[in-house]
Amino acid sequence: QTLLNHLGIKARLISCHDHNEAERSPELVARLRDGESGALISDAGTPLVSDPGFKLVRACLDAGVAVTALPGPSAPTTALLLSGLPPDRFYFGGFLPPRAGPRQRTLAAVAGLDATLIFFESARRLAASLADAGAVLGPRPAAVARELTKRFEEVRRADLATLAAHYATAGPPKGEIVVVIGGADAAAGVARAEEVDAKLTLK
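Since the model is a prediction, treat every value here as computed from it, not as a measurement. (Residues numbered from 1 in each chain as written. Predicted model: local features only at pLDDT ≥ 70, side-chain atom pairs only at ≥ 80, totals over all residues. Heavy atoms only, no water.)

### Regarding the overall build of the protein
No. 1: Scanning the protein from N- to C-terminus turns up eight helices and five strands.
No. 2: Secondary structure of the protein in N-to-C order comes out as α-α-α-α-β-α-β-α-β-β-α-β-α.
No. 3: Its C-alpha atoms give the protein a radius of gyration of 21 Å, more than 25% over the compact-globule value 17 Å for 203 residues.
No. 4: Each principal axis of the C-alpha distribution contributes one length, and for the protein these read about 80 × 35 × 30 Å. (Helix = DSSP H or I, 4+ residues; strand = E, 2+ residues; numbered from the N terminus. Rg over C-alpha atoms; globule rule 2.2 N^0.38 Å.)

Following this line, the structure appears as structure tokens:
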């Protein structure tokens, strides 16, 4: 409503969320097929990216209703660009599982990807998730981005173990969080650098 007021647009708002999207989609599709137009807008970020909307878009496509998208704020890509990690190949995994076991299995499944890894995480699970990532993936470079495009935007860059230790001590940060982790090629680079350092120390 704040956005519509700012743009001077008067329109009826209809809620569409995880709990009503499946039931609401047929009604919305019927109205669109009758000639009405509509826009799916998210309170934060891009609709469908770890937010509702997929079922509605799928229903529209199945019914032959034209669908298009307008670029807007996207936390995963913004975090990737600010992370300092390679952006040429990346994997977005949404939210990591809340429990340690499934979370570690999820991380292990993508450990071999030669692509930068991007995940959403809650503030209260951040330290534990970073520690699990370090244990599963090894000493990879990473970044924690929070409050992206907002007044208190912050990006903290370090290896996984250092970031885990920081948030374990500092406590949960405020705001919405994206974790960006170097891919398997970055891990290999870290290993090679450590091997060189070790050889130089021996000499």
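Structure shown, so let's carry the discussion forward.
### Section: unusual backbone geometry
No. 1: Its identity is not glycine, yet serine 50 carries a phi of approximately 55 degrees, on the positive side.
No. 2: Here serine 50 lies in the loop between α2 (21-33) and α3 (54-62).
No. 3: When its relative accessible area of 34% is taken as the criterion, serine 50 is described as partly exposed.
No. 4: Within the chain, glutamate 147 stands out as a residue other than glycine whose phi angle is a positive 50 degrees.
No. 5: Position of glutamate 147 relative to the elements: it lies in the loop between β3 (141-146) and β4 (154-159).
No. 6: By relative accessible area, glutamate 147 is classed as buried at 16%. (Buried < 20%, exposed > 50% of the residue type's maximum accessible area, 1.4 Å probe, protein only.)

### A few points about the pattern of salt bridges
No. 1: Using the criterion set out here, one finds 11 salt bridges in the structure.
No. 2: With a closest N to O distance of 3.1 Å, arginine 58 and aspartate 62 form a salt bridge. Remark: aspartate 62 and arginine 58 occur in helix α3; sequence separation between them is four residues, near one turn of the helix.
No. 3: A cluster of three or more residues bridged by salt bridges with shared partners is formed by Asp88, Arg89 and Asp185. (Salt bridge = Lys/Arg side-chain N within 4 Å of Asp/Glu carboxyl O.)

### Overview of a nonpolar patch on the surface
No. 1: Side chains of Leu3, Leu7, Ile9 and Ile41 sit close together on the surface and give an oily, nonpolar patch of about 380 Å² of accessible area.
No. 2: Tracing the backbone through its elements, the reader meets leucine 3 in helix α1 (residues 2-7).
No. 3: Here leucine 3 falls in the partly exposed class, since its relative accessible area comes to 47%. (Patch = residues over 30% accessible without salt bridge, like charges linked within 9 Å, V, L, I, M, F, W, Y side chains within 5 Å. Areas by Shrake-Rupley, 256 points an atom, 1.4 Å probe, with all protein chains shown as cover.)

### Let's talk about the nonpolar core
No. 1: Of all hydrophobic cores here, the largest spans 19 residues; its most connected members are Leu130 and Ile181.
No. 2: Those elements that place two or more of their residues in this core are β2 (116-121), α6 (126-137), β3, α7 (160-170) and β5 (177-181).
No. 3: In terms of residue count, the dominant contributor to this core is α6 (five residues).
No. 4: Sequence-distant contacts of leucine 130, that is, excluding residues within four places in its chain, are made with Val144, Leu160, Leu163, Ala164, Tyr167 and Val179. (Core = buried A, V, L, I, M, F, W, Y, C linked by side-chain atoms within 4.5 Å. Contact = heavy atoms within 4.5 Å.)

### Section: the state of the cysteines
No. 1: Counting across every chain of the model gives zero disulfides.
No. 2: Of all cysteine sulfurs in the structure, the one in cysteine 60 sits closest to cysteine 16, which takes part in no disulfide; the separation is 9.7 Å. (Disulfide = S-S within 2.5 Å.)

### Observations regarding the packing of α6 against α7
No. 1: Between α6 and α7, the shortest axis-to-axis distance is 8 Å and the interhelical angle comes to 160 degrees. What the angle tells us is that α6 and α7 run roughly antiparallel. Considering how the two elements wind past one another, α6 and α7 form a crossing that is left-handed. Facing α6, whose interface residues are Leu126, Ala127, Leu130, Ala131, Ala133, Gly134 and Leu137, α7 presents Leu160, Leu163, Ala164, Tyr167 and Ala168.
No. 2: Residues that form the contact of α6 with α7 fall into these classes: 11 nonpolar, one polar and no charged. (Axes fitted to C-alpha atoms, helices over the stretch in contact; angles between N-to-C directions. Parallel < 35°, antiparallel > 145°, perpendicular 65-115°, else oblique. Left-handed = near helix turned anticlockwise from the far one by under 90°. Nonpolar A, V, L, I, M, F, W, Y, C, P; charged D, E, K, R; others polar.)

### Observations regarding the packing of helix α5 (residues 100-109) against α6
No. 1: As a packed pair, α5 and α6 sit with axes 9 Å apart at the nearest point and diverge in direction by 45 degrees. Looking at the two axes, α5 sits oblique to α6. Crossing angle aside, the handedness with which α5 passes α6 is right-handed. Contacts from Ala100, Arg103, Gln104, Leu107 and Ala108 of α5 reach α6 at Ala128, Ser129, Asp132, Ala133, Val136 and Leu137.
No. 2: For the contact of α5 with α6, the residue count by class is seven nonpolar, two polar and two charged.

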